[in-house]
Structure formats: structure tokens, C-alpha cells
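# Summary of the model geometry
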Amino acid sequence: MEIIHIKELSFQYPESDNYALDGVNLHVKQGEFVVIGGPSGCGKTTLLHLLKKEISPHGLQSGDISYIGKPFDEWDERTLIEEIGLVFQDPENQIIMDDVMQELVFGMENLGYSPIDMRLRLAEMVHTFSVEHLLHQKTTALSGGQKQLLSLLSALLLKPRVLLLDEPTSQLDPVAAKDLLIMLERLNKELGITVIIVEHRLEDLFDKADRVVFMNEGTVVYDGKSREVIHQIFNRQDQRFLPYIPSISQMCLELQHSPTIDQIPLNVNEGKARLASLPPMNPIVKKENQKLNPDAESIVELKDVYFQYEKTAPMVLAKLDFSLNKGDFYAVMGGNGSGKTTLLKTCLGLLKPQRGSVKRFGRKLTHKSIDSVHQQIAYLSQQPHTFFIQDTIEKEMQLIAEQHEIQDSEQRIKSLLNLFGIEHLRKRHPYDCSGGEVQKAALACMLLTKPSILFMDEPTRGLDSVSKIQLQSILRQLHSEGLTILMVTHDIEFTAQIATKCAMIFDGKITAEAAPHTFFTGNYFYTTSINRVTQNSQYPEVLTLEEVLHSWQTHELA
Amino acid sequence: MLTLAMYFNHPIFLVTILFLLILVNISHDRGKDLRKWLPTLSIMSTLIILINPFLVSRGTTILFYFRGKQVTLEAFMYGITMALFIAIILVVFISFNLILNGNRFLYIFSKILPRIALMIMMAIRLVPLMKRRLDEIGDVQRLRGMSMTVGDFKTRVRNGMLRVQILLTWSLEEAIHVTNSMKARGYGTEGKKSSYTPYFMDKRDWVWLFVLAGLMMLCFYGGRLGYGKMIIYPELGPWQFFWIDWIVFCSMFIITSFPLFIEGREKIRWKLSI
């Protein structure tokens, strides 16, 4: 049965010349798990919001959307609110109440359910998802993953038949993101809820989805089963969407010439099986020269650092030693609440440790020195838009140039904007840019003063695959020009590709520190999916797709 | 309790009430919050006690003359009662703050003013959120050299204002998402909003309410007849307690110490059951 039927849907935002959606046709059957992907600004979020009538944006709309055979307008408001649920992107912004219980019943209260009905539904839901322990907590005390789960549950309490999700995992760490996806799969399989999810991170979703839809510039470009879509994109070598294909599928497609659709692996297990069935190759084992150069000058040094946020709170950092050498591209990884961001802020001097010494450029950090050497330091926070004071990116850069009396500023501004590929955004307000664009703009501003260290807090959070690849190449170039980089991240694939040194923070200490290859290979879970496929196979372990393509195939050709 | 404190002005009554309230407060959080307020409280009380006699010269019992003005015992006494009274109000509010969290507050007020209660509720939640955002902005801006600790006063103020400006832009942006989230869950739909209430009045609660109300009536009745009060102006009345004074005192004592009694009983039960 068709549950949602979209016919020739076009949409134009007020004061905009372009169509956000341009003749979209989409039919969703009851119980389908549909994934919608595409670059930022392709119209996927607009499409999703149009499916939820209460929040559909204002603008010029043409074409029809119908729900179970009847157009949206003919349904009464209440039914649509109940039967179509929506979970938003940012866990921070969609929680309204102070208390978990109140938040859960918020929707039911608004619709005037009787207390008995509410209690019954709540009891059932809380029990099914075993969240009893959260029920009486403050919403502010929850982790990002828990907040997102809470939003999902509060939508589920209205017993929706269709669940819409707008990039639900983009602000979560990989473990929490995986948990949420497993939950969605369960809802879809066990309750038959139709799931329509808009997402950037598609690595795991291809395996779960019944259907994958790719959009670009307001139109549907690909629509079909996961394997079919992968096959089509790969065969056409469609550069716009190649980065979205899971690396495992991509690897096998590259290694095996023209495989059939059914042979495309979507998960590690299938990937392993595929790899084993390939004709034997003799890849060159390139010993990578990733040496940690211990002789380099240390520019940030932490010794015996202890830190706790409150007197009664547990130690976040305990007897931590850390040193960042000149020319490093250092990635600090670790679970939620393991103290990654705390470490970063301690290095920046924003947090003062209870004990231990923090030295930067060989000098002890004092209150004054933090403010006096700020030109040498760039800090890209998780909210890059907090950097902007002016209302256009151009003005911001000019202001910085003025403040620091930079010579030939116009030329430098231009070259930086070109380097980041954001020349066209020059006159744009930072808040009107997408997440990736703001990040690039903030970086461009910071680099005007020619800093020697760049600190980044979760730079890949909320970025789509294409922006991620762009960021990667920019960072690589900056690093090769001599910038020392320290980043805190969850993103294993990203780290494996660009970092020169990785560390794991656990229990308040740096527990492991090595070059990425040594760091990740052999890890069971905490490693890239390509590595998981190649572990214990007849081939040497590799980390990234690039490695596979470079070392394996060249040999085959030779 | 507050009404009782306002009703009676006999220092012995007030001292007792204050003492019991402090105990109640200690039972909540071992007086952590109270301790923070202690300096303010003591300074304020001392000031009132010291200043009142010099400003007000009513009363007949003259202690001494100060710059030609009479300083009376009555005004002094009045200052003491005032100080006690203010101390009681403060302590009550500290307890109030500790006990009545947002949820309970909302529950009480949502019956009368549902929409406004929800708005207040959301505003309360926003305060810590804004604080966190402001900290984040502060970090980022400080590291780009817009410090609030270095430079002359004018630049510092300007930098501070810029931070607030960023906070406002950011928060307005986020507010759109909040409204969307509310609308998506049916906020503002026609029809009555119901309430999921985890607080119930059971039989025991009613019995206690009844008892307390009875005692309260007794207090008011006694108060109306002039018991539990002390005549200050124009001439300080006698300290003496009549037997009805004692009855009123006892009922007041029970009302005020009621929370202590409940909490104490729980504690004793816990201790004994081990």
C-alpha cells in the first residue's frame, strides 16, 4: 500500500530565484525504509519538512503530496500530527522541557490525551526501550545520543505510522549513531513503521535501507534499491555521489571488474566473503614510513595534569602527559566524556588544571600569555559560527586584517577564499551558509593571521561526505605548508586518512599513541571498515580505500 | 509559614519560626544553600536592627538621645522583629527554591495559567543553555583576541557586547528549531491540553492537610484575638504569655516543624530498619 505519494512537487522559497525542489516524484510504500541523501542544499531537508504539514516552510508550492490516497489538505490536523512523526537534527534544540518525563509526554499533553491513556503508553514505551533509568533525570544531564533517543521516543508515543528523520545522527558520535540506527531498523522491522530518513552519513544506512534516493539541486537523481543505486553511480563514475558509497562496496567494485548487482557487499561480513572469493592478487606490501619524529621541537607540553570540573566530580584528566611536536597532525580520539575536549581546552589555556604544568612554546601558560599569543593560535570550535562578529564573511576578514595590521590584506583574503573555494560566499551572512561552508569561512578567517597551531574540536561533525573530502584536502595542504594541527575527533575514517599521529584517551590518560597505521590495524572495533574487512584475510591489512587502490592495483597492472 | 510569620510579631514566635525553618532547610541539603546566603542575611539583619532606632523616633521608652533625637526601645524592638521577619522570608524562599523544581512549579500553575506557565518553564530551561552558549562564545572570541580581561575599559565593554550580540543571533536562529519541534508535537492545536501528573494527593496527604488547616485556623483565630502579637508602639507591651498564647504557640510550632517531622521520621525508619 502506498502511504506517501509525491507528484511533481516543486517548491520555491520566498525571495529566491531558484527552485528548492523541482518536480520531485516519490512514492513510499507502507513499511519501507527510505534513505534520502545528497549534498547540502540539494533540497532533501525541504522535502522532509514539506511532509510534516505543521512545520512546512512558507513559499510557493505546486504539485501534490498525499497521505494514504488523500491529499494533505483533506486530512484533519490532529491525525497528521499523530501519524507523521518527525525527529530533528540537533538534539539540543528539540528538547523543550526540563525533565525527561515531561518531555516524553509533551506531545500527548498537547493533544489532550487522558492521563490513563498517557500512563499506559508511557509505561509501555519506557519498558520496551528500557529507559527507566532516564525517566527522572534532567534533560540537560543526558548525552547527545540519549537526547536523540528521547526525541525519537516522544515522537513514537503518538503512535506514528510514518517516521521522518532529519539527519538524526549528524551530531552524534559513531557509537551513539549506530545505536540510533539499530533502533530505527527495529522499529521498521518489528512495528512496520515507515521510515524516511535524510542523512549525510550513509556508510551504515545502505545496508539497512530498502530504498535509497539521491537528490541534487532539487531533483531526484537516483532512486532504487541500495545495490542498484551503488551500481549505477559506480558505472557512471558519478563524481557527485561517489563519495557517498560505502567504502567496502567501493573497494570491491574497484577490485573486481564489472561485478553483478548482487555481488556488491554492503557490510563487513559480505565484504569479507567477497574479498575471499576474488582471484588471488599479490599486492605490494608497502612499509609506510610513518615515523614519529621525537626530535621535533615540542610546542605544547602537558605534564602530570589533573583536572576535574567540580570538587565532587570525578577526575576527567588524571596524571596525563601529552606533547604536541612541531609539524604534527595529531588526532586525539576517545569515547564520549573521556576528556577529549577537556584536553583540548587545557592545551588552549581555557581550562586551568588543578595540578600539573601546561607549557606552550616552552613557556608556562599564564593568564596573560593566553591573550598575548592569540595570533599564533587558531581554534575551530564545534560551533564555528560563534566566531563571526560581522554580518558578512568579507567584512569579518577585513576587520581581522585591520586588527592585526596585515600587509596586502586584500590579496591574502582573496587567496584564502580561493583556497577554500568559498569566493562566491564573500558577501554572504555566516548564518546563511551551510555547516561546511561556515567551517571553511571560519578557518579562512583564522588563517589570515598565519597561526602556527590549529586546534579543532570535532571538525567533521555534521559535514556531508563531499565537504569532508574537501576539508581533508585543505587540511592536508595546510599541514604540508607547516601548520601544526591538533584535532579531537570521533571520526575514524577521517583520522586514518590524514593524521600523522593518533592517540586514544581513556580513563583520564593518553593510553596509546602511534602513527595511524600502527594505531588502527589490529583494533577489533575501533578501526575503519576497510580495515575490518581486510583483517585476517589473505591480504595485508590496510586502512583506507586509497591505500587499497594505490598498493594493490598498481601491482596487478604491472 | 510565611503568613504566620507576617501575622505574629512576637519576637519569641519569630525566633522559634526562624530556628525551625533553618532546621528544615538543613534537612534539605545540609544547609549548603543557606550558608551561601548567610553573610547577606547577617549583614542585612544587623543593618536593620542598628538603623531603625536612629531613623524612627516613635515610642515612649527613651534610651538615649542621639544628635538631639530620641532613640527609643520600641524602635529598637521593632527593628529586631523586622530583621527576624526578613530573615524568615529569605529562608523560606531558599527552601522554596530547593523543593519546588520547575516541574512542580509548572504543575501548580498550569491549572490556573497553562500557557504562561509553559512559557515560564521554557524560559527557565533556557537560562543554563544560554550560559553554556555564552561560555562557548567567550572561549572562541577570547582566542581570536577579543578578550574581556585585557585592554582598556572601552574595548572590554565592546567585546562583551559583541559576545551578547552573537549569543542573540545564535539563540534566535535556534529558536526556530525549538518552535518547529513544538509544533511537530502538536503544540498550539485546538482542543484542551491535558496534563500528565505524577503527583497525587492520597488519603494520608488529605488527613495531614486537614490537620494542618485546623491548626492554621486556630492560629488565625488566636491572632485575631491579639494573641501571639506584641504591642510595640506606642509603648512596648509585656512579654508575658497567656495560656491562649501557649496554645497558639504550640499550633504554630507544629505547623512549622511539620516538614522536619516528616523527614525525621523517614530518617529514623531508615536507621532502624538496618
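Analysis parameters
Residues numbered from 1 in each chain as written. Chains lettered and ligands numbered in written order. Predicted model: local features only at pLDDT ≥ 70, side-chain atom pairs only at ≥ 80, totals over all residues. Heavy atoms only, no water. Contact = heavy atoms within 4.5 Å. Buried area = accessible area lost by both parts, 1.4 Å probe. Salt bridge = Lys/Arg side-chain N within 4 Å of Asp/Glu carboxyl O. Polar contact = N/O pair within 3.5 Å; in protein donor to acceptor, adjacent residues only side chain to side chain. Helix = DSSP H or I, 4+ residues; strand = E, 2+ residues; numbered from the N terminus. Axes fitted to C-alpha atoms, helices over the stretch in contact; angles between N-to-C directions. Parallel < 35°, antiparallel > 145°, perpendicular 65-115°, else oblique. Nonpolar A, V, L, I, M, F, W, Y, C, P; charged D, E, K, R; others polar. Pairing = 2+ DSSP bridges. Domains from an automatic or database assignment. Buried < 20%, exposed > 50% of the residue type's maximum accessible area, 1.4 Å probe, protein only. pLDDT = per-residue confidence, 0-100.

Moving on, we come to the interface of chain B and chain A. Listed by partner, the interface residues are 49 residues for chain B and 58 residues for chain A. When the buried area of chain B at its contact with chain A is split by residue, Leu143, Arg185 and Tyr196 of chain B rank highest and sum to 20% of it. Linking chain B with chain A are four salt bridges. Here arginine 144 of chain B ties to glutamate 396 of chain A by a salt bridge, and the two come within 2.7 Å at their closest N and O atoms. The tally of links between chain B and chain A comes to 13 residue pairs in polar contact (both at pLDDT 80 or more). At the level of secondary structure, the elements contributing two or more residues to the side of chain B that touches chain A comprise helix 5 (102-110), helix 6 (114-143) and helix 7 (153-184) of chain B.

The next subject is the packing of helix 2 (residues 11-29) of chain B against helix 9 (residues 243-273) of chain B. All names here are of chain B. Orientation of helix 2 relative to helix 9, taken along the N-to-C sense of each, is 5°, at an axis distance of 10 Å. Here helix 9 runs roughly parallel to helix 2, going by the angle between their axes. When helix 2 is examined against helix 9, the residues Ile12, Phe13, Thr16, Ile17, Leu20, Leu21, Leu23, Val24, Ser27 and His28 are found in contact with a partner set consisting of Asp245, Val248, Phe249, Met252, Phe253, Thr256, Ser257, Pro259, Leu260, Glu263 and Lys267. Split into classes, the residues belonging to the contact of helix 2 with helix 9 amount to 13 nonpolar, five polar and three charged.

Here we come to the sheet that holds strand 9 (residues 211-216) of chain A. Strand pairs in the sheet, formed through backbone hydrogen bonds, run parallel or antiparallel to each other. Residue and element names in this part refer to chain A. Here six strands make up an open sheet; going across it, the order is 6-7-8-3-9-10 and the pairing mixed. Every other strand in the sheet has two partners, leaving strand 6 (84-87) and strand 10 (219-224) as the edge strands with one partner each. The average angle at which neighbouring strand axes cross in this sheet is 15°, direction not considered. Direction of pairing for strand 7 (residues 162-166) relative to strand 8 (residues 194-198): parallel, over a ladder of five bridges. Directly across from aspartate 166, in strand 8, lies its bridge partner valine 198. Packed on one face of the sheet, helix 1 (residues 44-51) meets strand 3 (33-37), strand 6, strand 7, strand 8 and strand 9 and runs near 145° to strand 7. Contacts from helix 8 (residues 226-236) reach strand 9 and strand 10 within the one sheet, and its direction differs from that of strand 10 by about 120°.

Time to look at the domain arrangement of chain B. Assigned domains of chain B: these are domain 1 (2-99 + 203-273) and domain 2 (105-184). Computed from C-alpha coordinates alone, the two centres of domain 1 of chain B and domain 2 of chain B are separated by 39 Å.

To continue, consider unusual backbone geometry. Residue and element names in this part refer to chain A. Non-glycine residue serine 130 carries a positive phi angle of around 35°. If you check the backbone angles, glutamate 405 has positive phi at about 50° while not being a glycine. Taking relative accessible area as the criterion, glutamate 405 reaches 65% and is therefore assigned exposed.

Turning our eyes to something else, we now look at the confidence of the model for chain A. All names here are of chain A. Chain-level statistics for chain A give a pLDDT mean of 85 and a share of 95% at 70 or above. Across chain A, the element-wise mean pLDDT spans from 66 in helix 20 (residues 545-557) up to 94 in strand 8. Note on residues 554-558: pLDDT is under 50 here. Beyond four places in sequence and across chains, it has six contacts.

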